[in-house]
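# Structural overview
The lines below spell out each chain.
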Amino acid sequence: LEGLECNILSIIPKMESSRMFYCNLSIKNFYADGFNNEVIEQHPFGWQQDCTVLKYLDKTAPLEGGMDAGNMLSMVFAQRKEKTLRVMKELYTLPPNTVRELADQFLAYFGPHRRKVLRLYYDRAMNNYKRVNSDMATQIKHCIEVDGEGKRTGWVVQLMSLGQGNIGSNLEYRFFMELLAGHLDARIFRILIDQYNCPMLKSEMEVTGTVVKTSPD
């Protein structure tokens, strides 16, 4: 049956929940009404969309962002309102494009955002080479605050992960198990992800598996 679904019907096989890293991920963690259709209808077909299409974006409040720096440079953007954290947009770039191209995407998309403050969280490894200003966190901060022509953009990027300790995979696994199940709604927040504006994030979370390591006797 799995071969029939994959090879004949082109249905992507779904990973068993027991093998998923984000094992409690379900449809309740996503939302599908993130577009402001009234804004879209005011523009011609093929218009390059910007943040004005995001239904739940508060343009007068700071943005929170997360960045991953690997072969693919990617960023996701969210805002928290009361007990709900909405992940509303993702941006990414692939080689040979660099952090400059990723920053240019951000500046174009969030150009209409009025409160130009980005609180950026990232993997602790991105702090490497900070003393010589070659770490990825410093680079993305500079490229967002100063455009390709050397002009100030008005954005202020606050690096939120400076000095933070490492979060082990076991702790991350257990935290997301509780968070995605809704057990932390009252104490912290619940997370909602725009399934259409964040397709890569959704796909990655759905296929990320666990790696079980056993110590020798």
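Everything in this summary refers to the structure shown in the same document. Per-chain numbering applies: the sequence of each chain, read as written, is numbered from 1 onward. In view of the model being predicted, local features appear only for residues whose pLDDT reaches at least 70, and side-chain atom pairs are presented and counted only at 80 or more, with totals across whole chains, interfaces and linings using the full set of residues. The side-chain numbers reported here are obtained from all heavy atoms of the structure, hydrogens and water having been left aside.

### Quick look at the overall build of the chain
Scanning the chain from N- to C-terminus turns up six helices and seven strands. Starting at the N terminus, the α and β elements of the chain follow one another as α-β-α-β-β-β-α-β-α-β-α-β-α. When a residue's accessible area, from a 1.4 Å probe over protein chains only, is under 20% of the maximum for its type it is buried; when over 50% it is exposed; and in between it is partly exposed. Buried residues in the chain amount to 35% of all 217 residues. Of all intrachain contacts in the chain linking residues separated by at least 6 positions in sequence, the fraction that spans at least 24 positions is 65%. Carbon and sulfur atoms provide 52% of the accessible area of the chain, an area that totals close to 13,700 Å². Runs of H or I in DSSP of at least four residues are treated as helices and runs of E of at least two as strands, each being numbered from the N terminus. By the convention used here, residues are in contact when the closest approach between their heavy atoms is within 4.5 Å. Note on areas: Shrake-Rupley, 1.4 Å probe, and residue coverage restricted to the protein chains presented here.

### Notes on the packing of aromatic side chains
Working definition: an aromatic ring pair is given by the centre-to-centre distance plus the angle between the planes. Any two rings among Phe, Tyr and Trp, with Trp reduced to its six-membered ring, count as a pair given centres within 6.5 Å; such a pair is stacked if its planes are under 30 degrees apart, edge-to-face if over 60, and tilted if neither. Evaluation of the coordinates by the stated rule reveals ten aromatic pairs. Aromatic pair F21 and Y22: ring centres 5.0 Å apart, planes at 75°, arrangement edge-to-face. The burial state of F21 is the same as that of Y22; both residues are buried. Where Y109 meets F110, the ring centres are 5.0 Å apart and the plane angle is 75°; that geometry is what we call edge-to-face. No difference in accessibility class separates Y109 from F110, as the two residues are buried. Members of the aromatic cluster, each reached through a chain of ring pairs, are F21, Y22, Y173, F175 and F176. Its end group placed over the ring of Y56, R86 keeps NZ or CZ at 3.7 Å from the ring centre. Only when the NZ of Lys or the CZ of Arg is both within 6 Å of the ring centre and within 35 degrees of the ring normal is a charge said to sit over the ring. The ring of F30 carries K202 above its face, with NZ or CZ at 5.2 Å from the centroid.

### Considerations on the pairing of strand β5 (residues 117–122)
The rule for pairing is simple: two strands pair if DSSP sees at least two bridges between them. One ladder, built from five bridges, connects strand β2 (residues 63–69) with β5; its direction is parallel. Each residue of the ladder has a partner; that of G65, found in β5, is L120.

### Comments concerning the pattern of salt bridges
The working definition used for a salt bridge is a side-chain nitrogen of Lys or Arg within 4 Å of a carboxyl oxygen of Asp or Glu. Counting across every chain of the model gives five salt bridges. Note that D104 and R100 form a salt bridge whose closest N and O atoms lie 3.0 Å from each other. Placement of the pair is D104 and R100 together in helix α3 (residues 99–109), with a separation of four residues, close to one helical turn. Its relative accessible area of 18% is what places R100 among the buried residues. Linking E206 and K202 is a salt bridge whose minimum nitrogen-to-oxygen distance equals 2.7 Å. Of this pair, E206 and K202 both sit in helix α6 (residues 199–207), four residues apart, which is roughly one turn of that helix.

### Some thoughts on the nonpolar core
As used here, the term nonpolar core means buried Ala, Val, Leu, Ile, Met, Phe, Trp, Tyr and Cys residues forming a set that is joined through side-chain atoms within 4.5 Å. By size, the foremost hydrophobic cluster in this structure holds 31 residues, and its most contacted members are M75, F106, F110, L118, I140 and I144. At the level of secondary structure, the elements contributing two or more residues to this core comprise β2, β3 (73–81), β4 (84–93), α3, β5, α4 (136–145) and β6 (156–159). Looking at which element gives the most residues to this core, the answer is α3, with six residues. If we ignore the near neighbours within four places in the chain, the residues touching L118 are L63, E64, G65, M75, F77, F106, I144, W155, V156, V157 and Q158.

### Regarding helix α5 (residues 169–181)
Working rule for helices: expected span equals 1.5 Å times residues minus one. Compared with the 18 Å implied by 1.5 Å per residue over 13 residues, the 18 Å span of α5 between its first and last C-alpha is a close match. Along α5, the positions that sit buried rather than exposed are F176, L179 and L180. With its buried residues spanning 85° around the axis, α5 presents them on a single face. Packed against the buried residues of α5 are β7 (190–194). In the stretch just after α5, G182 is the one whose phi turns positive, near 90°. Read the arc as the range of directions from the helix axis to the C-beta atoms.

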